[in-house]
Every structure is written in C-alpha cells, then in structure tokens.
Amino acid sequence: LFGSGPGLLCHGHAAAMMSLCGPTASAASLRALGVSGMAAGSVIGRLGGGILIDFVSARLCLIALPCLTSAIVLSPLLRPTSAYLTFAALVGCGLTYGLNAVALPVLVSRLYGAERMGKVYGRIFTAWGVGGILAPWLAGRLFDVTGGYSAALVISAAMLMLAGMT
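Residues numbered from 1 in each chain as written. Predicted model: local features only at pLDDT ≥ 70, side-chain atom pairs only at ≥ 80, totals over all residues. Heavy atoms only, no water.

Undergrad: Looking at this model, I keep getting lost on the packing of helix H1 (residues 5-19) against helix H2 (residues 27-55). Mind explaining?
TA: Packing of H1 against H2 brings their axes to within 6 Å, and their N-to-C directions diverge by 155 degrees. Overall, the two elements H1 and H2 adopt an arrangement that is roughly antiparallel. Where H1 crosses over H2, the handedness of that crossing is right-handed. Of the residues in H2, those touching H1 at Gly7, Cys10, His11, Ala14, Ala15, Met18 and Ser19 are Leu30, Arg31, Leu33, Gly34, Val35, Met38 and Ser42. (Axes fitted to C-alpha atoms, helices over the stretch in contact; angles between N-to-C directions. Helix = DSSP H or I, 4+ residues; strand = E, 2+ residues; numbered from the N terminus. Parallel < 35°, antiparallel > 145°, perpendicular 65-115°, else oblique. Left-handed = near helix turned anticlockwise from the far one by under 90°. Contact = heavy atoms within 4.5 Å.)

Undergrad: Teacher, can you tell me more about the environment of Gly131 here?
TA: Mapped onto the elements, Gly131 comes out in helix H4 (residues 83-146). For Gly131, a relative accessible area of 0% gives the class buried. In sequence terms Gly131 and Gly7 are 124 residues apart; their C-alpha atoms lie 9.1 Å from each other. (Buried < 20%, exposed > 50% of the residue type's maximum accessible area, 1.4 Å probe, protein only.)

Undergrad: How should I be thinking about the nonpolar core in this particular structure?
TA: The nonpolar side chains of a soluble globular protein tend to be buried, and buried together. Residues Leu9, Cys10, Met17, Met38, Leu90 and Ala152 are the most contacted members of the largest nonpolar core, which totals 18 residues. Looking at this core, the elements with two or more residues in it are H1, H2, H4 and helix H5 (150-165). In contact with Met17, other than residues within four places in its own chain, are Leu9, Cys10, Thr86, Leu90, Tyr149 and Leu153. By size, the runner-up hydrophobic cluster in this structure holds 15 residues, among which are Leu8, Leu99, Leu107 and Tyr121. (Core = buried A, V, L, I, M, F, W, Y, C linked by side-chain atoms within 4.5 Å.)

Undergrad: What is the right way to look at H2 in this model?
TA: Since there are 3.6 residues in each turn of an α-helix, residues three or four apart along the chain are aligned in direction. The terminal C-alpha atoms of H2 lie 41 Å apart, and with 29 residues this matches the ideal 42 Å at 1.5 Å per residue to within 8%. Regarding H2, the residues found buried are Ala27, Leu30, Gly34, Gly37, Met38, Gly41, Ser42, Gly45, Gly49 and Ile53. Looking at the packing, one finds that the buried side of H2 touches H1, helix H3 (58-74) and H4. (Expected span 1.5 Å × (residues − 1).)

Undergrad: I keep staring at H3 and nothing clicks. Help me out?
TA: With 17 residues, H3 should cover 24 Å at 1.5 Å per step; its first-to-last C-alpha distance of 25 Å lies within 8% of that length. In the core, the buried residues of H3 are packed alongside H2, H4 and H5.

It is worth stressing that arrangement in space is one thing and function is another; only the former is reported here.
Structure, rendered in structure tokens:
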C-alpha cells in the first residue's frame, strides 16, 4: 500500500499535475509529458530494478529507492509551477513504482519460497490494489479541498519513507 500508493497516485494525476505548470496554450503538451514521464520512469524502474536486484538484494532496493524518491516527490513543492520539477517528481515516482513491481515478487519468493509465494504475494497485491483505489481518490479529494497537489505530495513522500522503513 505505501510503496504502490504514491506511484498509483501519480499515474492517475500525472496529466493534471503537469497542466498546473504552464499556460493554457501548452497544457495539452504538458499533460502528455507528465503521463509519458511517469510511464518512462515505471519502465526504467522495472528494467533497471531487475538488473539492480542481480547486484544488490531486493530488500535493499525496496529500502533505498523509496527513501530517495521521497525527496524527489517533494521537489514540486519548491516551485509548484515548475514543469521541470514536477516532471522529475513524476519520473521518480514511476521509478519507485516500477522497482516495486519487480522487487516485491522476488523478495517474497526468496523469503517464503515457491510453495507459499502465491498466498503471500496475493495478499500483498491486494494491498497494492487498495492503494490503487485509495491514493488517487485521496489526491483528488485533497486537490478539491486545497486547490493543489502539495498535501498529496507530502503524504506520498511520507508513504514512501514508511515503505522504505518497513
């Protein structure tokens, strides 16, 4: 939930986050850039994560990257209208999301073995789905209340830190 929620939040709101960064004339291009950045980060996280796991443990990957990404996720708070910072945050979220998709099943299979993999990972993936429902919804509600994504980004960064620590 904590590892997947920020990524799913950003997947669901990437276009809206980027559209807040520029004039209306370039809003469509910015929206496309946000969605593309999130998707590219996710692909790089999946491919890079698979390679990284061969050199360091899956557990270390699941600790280090979410903690590092939490700082990137907060970068748009420095300049909320900066397309560069928002794009970097979306790519960072995508990286972590992609790495989770690769490292979690590897770690679960190593910890619990093939015979328990389905049962244990099924529960984890259920939590992933809950994150997919709750995180984008919560971000939308917070946007409606506050008029921006600052609160959602702070919560996402905290969730990433918690994911890295657990």
